[in-house]
Amino acid sequence: MKLLIAYGTTEGQTRKICEFLRDEAQQAGHWVSIADTTGPQLRPSGFDAAIIAASVHYGNYQASVEHYVTDNHELLNHIPSTFLSVSLTAASDEPESWKELNNITESFLDRTHWNPDVVEQVAGALLYSKYNFFKKFIMRLIAQRSGGGTDTSEDYEYTDWDQVKQVITKLETAAKTREQIT
Ligand SMILES: Cc1cc2nc3c(=O)[nH]c(=O)nc-3n(C[C@H](O)[C@H](O)[C@H](O)COP(=O)(O)O)c2cc1C
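Let us look at the structure shown here. Predicted model only: the values in this text are computed from it and were never measured.

Quick look at the site of the ligand
Moving on, step 1. Neighbouring the ligand are 21 residues; Thr9, Thr14, Val56, Thr89 and Ala125 lie closest to it.
Moving on, step 2. A distance of 2.5 Å is found between an oxygen atom of the ligand and a side-chain nitrogen or oxygen belonging to Thr14.
Moving on, step 3. Within the backbone of Val56, an N or O atom sits 2.7 Å from an oxygen atom of the ligand.
Moving on, step 4. For the ligand, the protein covers 94% of the area, taking 640 Å² as the surface of the free molecule.
Moving on, step 5. Those elements giving two or more residues to the shell around the ligand turn out to be helix 1 (13–27), strand 4 (81–87) and helix 4 (133–146).

Laid out in structure tokens, this is it:
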């Protein structure tokens, strides 16, 4: 399978997840191209499947990912695809927070007219070492409310790497299901 991975990242966790996925997909025998949506654009034409990833900041995904998906939604809708959403909320077990997260994802997909086969909510990280004073303050408040780490001299990673490993398998299954339908 010729796989495209395109992502947006602010502090680097989504890039780390996507690079892990690239390695997993290559080990599974797939041919992979990976690109940051702020860099030179890789169009989805010529690919058999795509994973698009973005992280949530103040209730929104990166604008570069929104532009990329809006511009390419028709091509994306023609191939098996996964939207990988990275957030702190995905680490929580609060139903209200999950409702908000699902609303953020649904309105992003509505606005961009993209219908991915799989939507994966993945927990990100609290990387205090990468935040400026203001971000540190805000994120500590958010962490206090959501039960995240509050010692700003440490970084906290909540990503479930076993869940991330399943992303390639789920996309392969979606591709097979599409083949059977057509
Ligand atoms: C300034 C800031 C705002 C954030 N806002 C949200 C938010 O509204 N909801 C949420 O679930 N996570 C939020 N997060 C957590 C990020 O989604 C999480 O840190 C993620 O790992 C960031 O991924 P990235 O490093 O690829 O940008 C926020 C993080 C920062 C630093």
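Side note on the nonpolar core
Moving on, step 1. Core analysis: the largest hydrophobic core is formed by 18 residues, its most contacted members being Leu3, Ile5, Ile17, Leu21, Ile51, Leu84 and Ile168.
Moving on, step 2. Contributions of two or more residues to this core are made by strand 1 (2–7), helix 1, strand 3 (49–55), strand 4 and helix 5 (161–181).
Moving on, step 3. Ignoring anything within four residues of it in the chain, the contact list for Ile17 reads Leu84, Val86, Val122, Thr159, Trp161 and Val164.
Moving on, step 4. Judged by nonpolar contacts, the second largest core, of 17 residues, contains Ile52, Tyr68, Val69 and Phe108.

So, helix 5
Moving on, step 1. With 21 residues, helix 5 ought to run about 30 Å at 1.5 Å a step, and its terminal C-alpha atoms sit 31 Å apart, in line with that.
Moving on, step 2. Of all the bends in helix 5, the largest measures some 25 degrees and sits at Val167.
Moving on, step 3. Taken as a whole, helix 5 has its buried residues at Gln163, Val164, Val167, Ile168, Leu171, Ala174 and Ala175.
Moving on, step 4. The inward-facing, buried residues of helix 5 contact strand 1, helix 1, strand 3, strand 4 and strand 5 (118–123).

Some points on unusual backbone geometry
Moving on, step 1. Of note, Tyr58 is a non-glycine position whose phi angle comes to about 50 degrees, a positive value.
Moving on, step 2. Looking at the element boundaries, Tyr58 is found in the loop between strand 3 and helix 2 (63–78).
Moving on, step 3. A residue is classified by how much of its surface remains accessible, and Tyr58, at 62% relative accessible area, is exposed.
Moving on, step 4. Here the phi dihedral of His113 falls at roughly 60 degrees; this positive angle occurs in a residue that is not glycine.

Considering the pattern of salt bridges
Moving on, step 1. Within this structure, the stated rule accounts for seven salt bridges.
Moving on, step 2. We note a salt bridge from Glu66 to Arg111, for which the minimum N-O separation is 2.7 Å. Of this pair, Glu66 sits in helix 2 while Arg111 sits in helix 3 (residues 95–112); the two residues are 45 residues apart in sequence, bridging distant segments of the chain.
Moving on, step 3. The residue Glu120 makes a salt bridge to Lys170 at a minimum N-O spacing of 2.9 Å. Separated by 50 residues along the polypeptide, Glu120 in strand 5 and Lys170 in helix 5 bring together distant segments of the chain.
Moving on, step 4. What makes Lys170 partly exposed here is its relative accessible area of 37%.

Procedures and definitions
Residues numbered from 1 in each chain as written. Predicted model: local features only at pLDDT ≥ 70, side-chain atom pairs only at ≥ 80, totals over all residues. Heavy atoms only, no water. Near = heavy atom within 4 Å. Polar contact = N/O pair within 3.5 Å; in protein donor to acceptor, adjacent residues only side chain to side chain. Areas by Shrake-Rupley, 256 points an atom, 1.4 Å probe, with all protein chains shown as cover. Helix = DSSP H or I, 4+ residues; strand = E, 2+ residues; numbered from the N terminus. Core = buried A, V, L, I, M, F, W, Y, C linked by side-chain atoms within 4.5 Å. Buried < 20%, exposed > 50% of the residue type's maximum accessible area, 1.4 Å probe, protein only. Contact = heavy atoms within 4.5 Å. Expected span 1.5 Å × (residues − 1). Bend = angle between axes of the 7 residues up to and from the residue. Salt bridge = Lys/Arg side-chain N within 4 Å of Asp/Glu carboxyl O.

So, to be careful, I would describe these as geometric facts and stop short of saying anything about function.
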